[in-house]
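# Observations on the three-dimensional arrangement
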Amino acid sequence: MNRPYVFCHMMCALDGKIMGGYMGTPQGRAAGDAFYDIAFGKEPFYHHQGWLSGRVTTDDNFTFYRKPDLDEDAPVVPAGDFIAQPDFGMFYVSVDPHGKLGWKSSTLRYVDTTAHVVEVLTERVGNAYRAFLRKLGISYIIAGETELDHGLALSKLKEEFNIETLMLGGGGVLNWSFLQAGMCDEISIVLAAAADGGPDTPPVFRAAEGISESKALGFTPKEAKAMDGGAVWLRYGVNR
């Protein structure tokens with residue numbers, strides 16, 4: 001399959017949680033800085049052209065649960081994908097199978113990184129939402145009838161946007177689904193020297209009924225490195 005090299009890059013607490021109060025501790029903030037520098041800093045370890053997250057992660061960080069401004073009477077848009085800015089250089093890819101995210105712009109800013117937004121939709125997303133994205137100049141690709149087709153999404157991201165290396169950035173359900181589909185090549189974890197014991201916060205990986213199985217996978221250690229603030233950076237290859 002002609003697809004990007006995919007690395008899953010996450011920060012988590014000692015109890016494996018990717019969100020929670022631990023992020024506000026000095027150790028959590030130090031781990032967050034390390035996480036950013038590894039993938040987005042001035043001298044990053046990974047040289048990727050985009051990062052991919054799910055709808056909930058996107059709402060938590062960028063769209064903040066706004067409702068999209070839909071025009072149910074919008075003219076019918078052409079079938080298939082909409083590629084607005086194929087040469088932007090850095091892309092934020094959001095998996096939004098049902099078309100729910102309330103974007104305000106075709107670009108976003110993450111610390112000092114600017115990216116063009118690309119939505120991954122399914123065939124079930126209606127004309128009103130597709131017209132909404134087109135009006136904003138947001139690219140979208142169709143990958144799957146009702147649920148995400150991981151392989152098709154990745155192949156289109158490489159072919160349409162020249163993404164050779166892609167960062168997979170959560171949440172846990174999306175991360176695990178890519179692993180279960182055999183579409184993730186490397187795991188990169190920045191482990192903060194902190195925890196908060198939160199009972200309801202999501203972990204790095206989580207199976208979800210109808211999306212992925214809780215089938216065990218093995219990994220091959222590649223590197224372990226001590227970072228500032230007590231954090232540890234762990235890299236693993238994914239066993240096939």
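Everything below is about the structure shown above.
Just so you know, these numbers come straight off a predicted model, no measurement behind them. (Residues numbered from 1 in each chain as written. Predicted model: local features only at pLDDT ≥ 70, side-chain atom pairs only at ≥ 80, totals over all residues. Heavy atoms only, no water.)

## A word on the environment of Leu52
When you line up the elements, Leu52 lands in strand β2 (residues 50-54). Using a relative accessible area of 1% as the deciding quantity, one classes Leu52 as buried. The sequence separation of Leu52 and Leu168 amounts to 116 residues, and the corresponding C-alpha distance is 5.0 Å. Residues within four places of Leu52 in sequence aside, it is in contact with Val93, Val95, Leu157, Leu166, Met167, Leu168, Gly169, Gly170, Leu174 and Phe178. (Helix = DSSP H or I, 4+ residues; strand = E, 2+ residues; numbered from the N terminus. Buried < 20%, exposed > 50% of the residue type's maximum accessible area, 1.4 Å probe, protein only. Contact = heavy atoms within 4.5 Å.)

## Brief notes about the nonpolar core
The biggest cluster of nonpolar side chains holds 39 residues, and the ones touching the most others in it are Trp51, Trp103, Leu108, Tyr129, Leu133 and Val190. Looking at this core, the element that brings in the most residues is helix α1 (residues 26-40), giving seven residues. When neighbours within four sequence positions are excluded, Leu108 is seen to be in contact with Trp51, Phe62, Tyr92, Trp103, Thr113, Thr114, Ala115 and Val117. (Core = buried A, V, L, I, M, F, W, Y, C linked by side-chain atoms within 4.5 Å.)

## Examining the pairing of strand β3 (residues 91-95)
In the case of a regular strand, side chains alternate between the two sheet surfaces. Counting buried positions over the five residues of β3 gives five, a clear majority of the element. Where burial is concerned, the two faces of β3 agree: the one with Phe91, Val93 and Val95 and the one with Tyr92 and Ser94 are both buried. Sheet analysis places β2 next to β3, joined by five bridges and oriented parallel. By the bridge assignment, Trp51 is partnered in β3 with Tyr92. Considered for its hand, the β-α-β crossover made up of β2, helix α2 (residues 55-63) and β3 is right-handed. (Pairing = 2+ DSSP bridges. Right-handed = clockwise from strand over helix to strand, strands pointing away.)

## Concerning the packing of aromatic side chains
Two descriptors summarise a pair of aromatic rings, namely the distance from one centre to the other and the angle between the planes of the rings. Inspection of every chain in the model, using the stated rule, returns 17 aromatic pairs. Look at Tyr36 and Phe40: their rings are 5.4 Å apart centre to centre, the planes differ by 25 degrees, and that puts the pair in the stacked class. Of this pair, Tyr36 and Phe40 both sit in helix α1, four residues apart, which is roughly one turn of that helix. Given the relative accessible area of 9%, Tyr36 is considered buried. Of the aromatic side chains, those joined through ring pairs into one cluster are Tyr36, Phe40, Trp51, Phe62, Tyr92, Trp103 and Tyr110. (Phe/Tyr/Trp six-rings, centres within 6.5 Å; stacked < 30°, edge-to-face > 60°.)

## Let's talk about the side chain of Asp96
Along the chain, Asp96 turns up in the loop between β3 and β4 (107-110). Despite its burial, Asp96 remains without a salt bridge, the nearest opposite charge being carried by Arg55 at 4.9 Å. (Lys, Arg positive; Asp, Glu negative; His and termini not counted. Salt bridge = Lys/Arg side-chain N within 4 Å of Asp/Glu carboxyl O.)

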